[in-house]
Every structure is written in structure tokens, then in C-alpha cells.
Amino acid sequence: MALQAAVKGKLISVIGDEDTCVGFLLGGIGEINKNRHPNFMVVDKNTPVSEIEDCFKRFTKRDDIDIVLINQNIAELIRHVIDAHMAPVPAVLEIPSKDHPYDASKDSILRRAKGMFNPDDLSMFGAENYTT
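Residues numbered from 1 in each chain as written. Predicted model: local features only at pLDDT ≥ 70, side-chain atom pairs only at ≥ 80, totals over all residues. Heavy atoms only, no water.

Looking up the chain in an unreviewed UniProt entry gives the name V-type proton ATPase subunit F, with the organism given as Leptosia nina. Here is the UniProt Sequence similarities (unreviewed entry) comment for the chain, exactly as written: "Belongs to the V-ATPase F subunit family." (UniProt positions renumbered as here; feature names shortened; annotations may be inferred.)

Laid out in C-alpha cells, this is it:
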């Protein structure tokens, strides 16, 4: 029964540094689809930005992925691609890495939410000092 539920579920994908990807893989998110494509990408200082962009676009086009987690410092490298992604699914969530803390003022999702809510409402998300 549990196997049937797992087959129907959607995946979380990760674009991040080695520590972030290993952590999520140890947590059990690692999958390879029928075309032998993984749902994660390890980015290091030598990874070309075009490769990160291509991976992000692949993840957002896959019908088996509902959430794309990306380290915020990596998201900054492909900000124009992330900002162009307007579909609600897959949801794109920017997360901190070991070496780069989360900065709410750089988060695309919070930037979009700012237009929908009163800035005081966003304070619960750590966006007290958020400005555009």
C-alpha cells in the first residue's frame, strides 16, 4: 500500500552545493526518472551558469517534480530565469546553505508576496527589513 502511494507522489528536486544535496539525499529525496535523469544537481565553483540554468529549466518542465529547492546563493546566479518562472507548480523555494545564510530581501517568492500582502504580514517570515 505504501508503495502505491509513493508511486503517485511527486518529487522534490534540489539544486545546491555538495553539503545541501548530500543532506537531502540522505533524507531520501534522491530519485532517477525513467529517462535516467536525477532530481538533484550538485553545483560547485566550476559549474557553468548555463548548466545551472538548463538544469533549473529541466526541473520546472518535468511533470514528476512539484518543488524545486535551490540554494539562495545559486539562485542569485540565475535570478532572471527564476523570476521568469511564474507557474505555481513546481514551487521554487530558496534555501540557505552552510556558507551563505538566508537573506529575505533577495527571495523572489517574498518579493512577489510583498505585492499581495501588507509588509507587516511578512514579518513572520523574517522579512522585517525587506525593501525592494
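### Section: the pattern of salt bridges
Scanning the model with the defined rule gives 4 salt bridges in all. Among the salt bridges present, the one from Lys 98 reaches Asp 19, with a minimum N-O distance of 3.0 Å. Note that Lys 98 is positioned in the loop between β4 (91–95) and α6 (108–114) and Asp 19 in helix α2 (residues 18–26), a separation of 79 residues in sequence. Between Glu 94 and Arg 79 there is a salt bridge; the shortest N-O distance is 2.5 Å. Of this pair, Glu 94 sits in strand β4 while Arg 79 sits in helix α5 (residues 79–84), placing them 15 residues apart in sequence. Judged by its relative accessible area of 7%, Glu 94 falls in the buried class. A single salt-bridge network, built from bridges that share partners, covers Glu 76, Arg 79 and Glu 94. (Salt bridge = Lys/Arg side-chain N within 4 Å of Asp/Glu carboxyl O. Helix = DSSP H or I, 4+ residues; strand = E, 2+ residues; numbered from the N terminus. Buried < 20%, exposed > 50% of the residue type's maximum accessible area, 1.4 Å probe, protein only.)

### Thoughts on the sheet that holds strand β1 (residues 11–16)
If you trace the 4 strands from one edge of the open sheet to the other, you get β2-β1-β3-β4, paired in parallel fashion. In this open sheet, the two edge strands, each paired with only one partner strand, are β2 (40–42) and β4. Taken over all neighbouring pairs, the strand axes of this sheet differ in orientation by 20 degrees on average, direction set aside. In the sheet, β1 pairs with strand β3 (residues 65–71) via 5 bridges, with the strands oriented parallel. Note on β3: the bridge partner recorded for Ser 13 is Val 68. Packing of α2 onto the sheet brings it into contact with β1, β2, β3 and β4, and relative to β1 it is tilted by some 160 degrees. Lying on the sheet, helix α3 (residues 49–61) is in contact with β1, β2, β3 and β4; it crosses β1 at an angle near 170 degrees. (Pairing = 2+ DSSP bridges. Axes fitted to C-alpha atoms, helices over the stretch in contact; angles between N-to-C directions. Contact = heavy atoms within 4.5 Å.)

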